[in-house]
Amino acid sequence: MAADPFDAGAGSILRQPKAVWATAGASVVAFMGIGLVDPILPSIAQGLSATPSQVSLLFTSYFLITAFAMLVTGFVSSRVGGRKTLLLGLAFVVVFAGLAGTSGSVGELVGFRAGWGLGNALFVSTALAVIVGAAAGGSAAAILLYESALGLGMACGPLLGALLGNASWRYPFFGTAFLMAVGFLCITVFLKEQPRPARKTSLLDPVRALGHGGLASAAVSAFFYNYTFFTVLAFTPFVLNMTPYKSGAVFFAWGVLLAVFSVIVAPRLQQRFGSLKVLGGSLVLLAADVVVLGYGDHTTAVVCTILSGAFIGVNNTVYTELALGVSDAPRPVASAGYNFVRWFAAAAAPYFAPKIEEWTDLHVPFVVAGGTAVAGALVVLLRRDALTHEAEELEPAHAAEDGVTVFAN
């Protein structure tokens, strides 16, 4: 019988050095930054006299920089070390999140979000490797702690955005800058430098890794899936058109489902049915969910938004494990190449979804999002032979050995 990682004995995720808790705490705040702006998107649009498509560029600039940063993070951390990379990323977030709160136009805000995205990529892509390196009790407990930080951050980001944004849309940005400054101080005090990799990573290593058919297939499928994911995250708040408090509550519930299904449900489903069947089925269910979201009444839209968190949580876990186990490339390099491809969809969806609504009507962006989820499932079906290598035999929490780079799952 496997040991309970929450047991208070040795190897428990609850008995970790201060350095691990400092890094995990900062990771929670870093993941909060992804969904922080969700409840206040309509307020930002009103405060800066901007259209939904203009405000959605907050996500586009953030994730476009994140995509390119995937080629840089391994290059940087393999040369200056994990601790300095974490601190550099935190410093960027503190500066640019604070500047975002002072924005006088949507253009300034979009630009500052881009700088924030670079900092977040540097931090989050290194945090897992640092937690695994510093944790007590082996990698399994460390990875569970990291996944818990991810889920908590994704759930609490919209809640913090709602609580602070109800007074002013500027306050969530200042709040994030303050919390990340606290994280900077904690890591400075408690975290010692980690051993550097034996081999330095080049800027082109992640691109070369995509020459492997299985990894390329996982990345392309995840690209289509991420378009669906970020249509829900970035466009749905305008459709729901709720107060920051109500919108924050909806996305908090969404984040809770995401965390539970990512950490607890997905591994059990994989063990019983296999990774590819679980992924294909979850993508089809997500497609159906977003189409119903687009055509249903307001209550239906709220329910489907929350329910999408379950499918997204399952998909996140399976995609990450596929990307890391399907090729023979070093895991940090494989992950960087995979993330480089998929984050372009996270940049595209927030821009195109409101544009498609302007060109057509409210329903069509969700039909497109449903179509991209089905496209992701078709890639899994058609490329199942390339994706099968190690996909069905991945061990739980296998994803972070060798200091892997995983961003926002």
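The coordinates are above.
The structure displayed is predicted, hence computed values, not measured ones. (Residues numbered from 1 in each chain as written. Predicted model: local features only at pLDDT ≥ 70, side-chain atom pairs only at ≥ 80, totals over all residues. Heavy atoms only, no water.)

(A) Just a nonpolar patch on the surface, in detail. A contiguous nonpolar patch, built from Leu-159, Leu-163, Tyr-245, Phe-252, Val-256, Val-260 and Ile-264 and spanning about 540 Å² of accessible area, is present on the exposed surface. Listing elements by their share of the nonpolar patch, those giving two or more residues are helix 7 (139–165) and helix 11 (244–273). The leading source of residues in the nonpolar patch is helix 11, at 5 residues. By secondary structure assignment, the location of Phe-252 is in helix 11. Since its relative accessible area comes to 30%, Phe-252 is described here as partly exposed. (Patch = residues over 30% accessible without salt bridge, like charges linked within 9 Å, V, L, I, M, F, W, Y side chains within 5 Å. Areas by Shrake-Rupley, 256 points an atom, 1.4 Å probe, with all protein chains shown as cover. Salt bridge = Lys/Arg side-chain N within 4 Å of Asp/Glu carboxyl O. Helix = DSSP H or I, 4+ residues; strand = E, 2+ residues; numbered from the N terminus. Buried < 20%, exposed > 50% of the residue type's maximum accessible area, 1.4 Å probe, protein only.)

(B) Spatial organisation of the nonpolar core. In terms of nonpolar packing, the biggest core is built from 118 residues, with Ile-44, Phe-63, Phe-123, Phe-173, Ile-187 and Trp-254 touching the most fellow members. With 15 residues, helix 10 (residues 213–240) is the single largest residue contributor to this core. Leave out the neighbours within four places in its chain, and Trp-254 touches Met-154, Phe-229, Val-232, Leu-233, Thr-305, Ile-306, Ser-308, Gly-309 and Ile-312. (Core = buried A, V, L, I, M, F, W, Y, C linked by side-chain atoms within 4.5 Å. Contact = heavy atoms within 4.5 Å.)

(C) Region of the structure containing the pattern of salt bridges. Taken as a whole and judged by the stated rule, the model has 2 salt bridges. A salt bridge links Arg-208 to Asp-205; the shortest N-O distance between them is 3.0 Å. Highlighted residues: Arg-208 and Asp-205, both in helix 9 (residues 205–209), separated by 3 residues, approximately one helical turn. Its relative accessible area of 54% is what places Arg-208 among the exposed residues. Salt-bridge contacts for Glu-358 lead to Lys-355; the nearest nitrogen and oxygen are separated by 3.9 Å. In this pair, Glu-358 and Lys-355 are both assigned in helix 14 (residues 331–359), 3 residues apart and thus about one turn of the helix distant. With relative accessibility at 45%, the residue Glu-358 sits in the partly exposed group.

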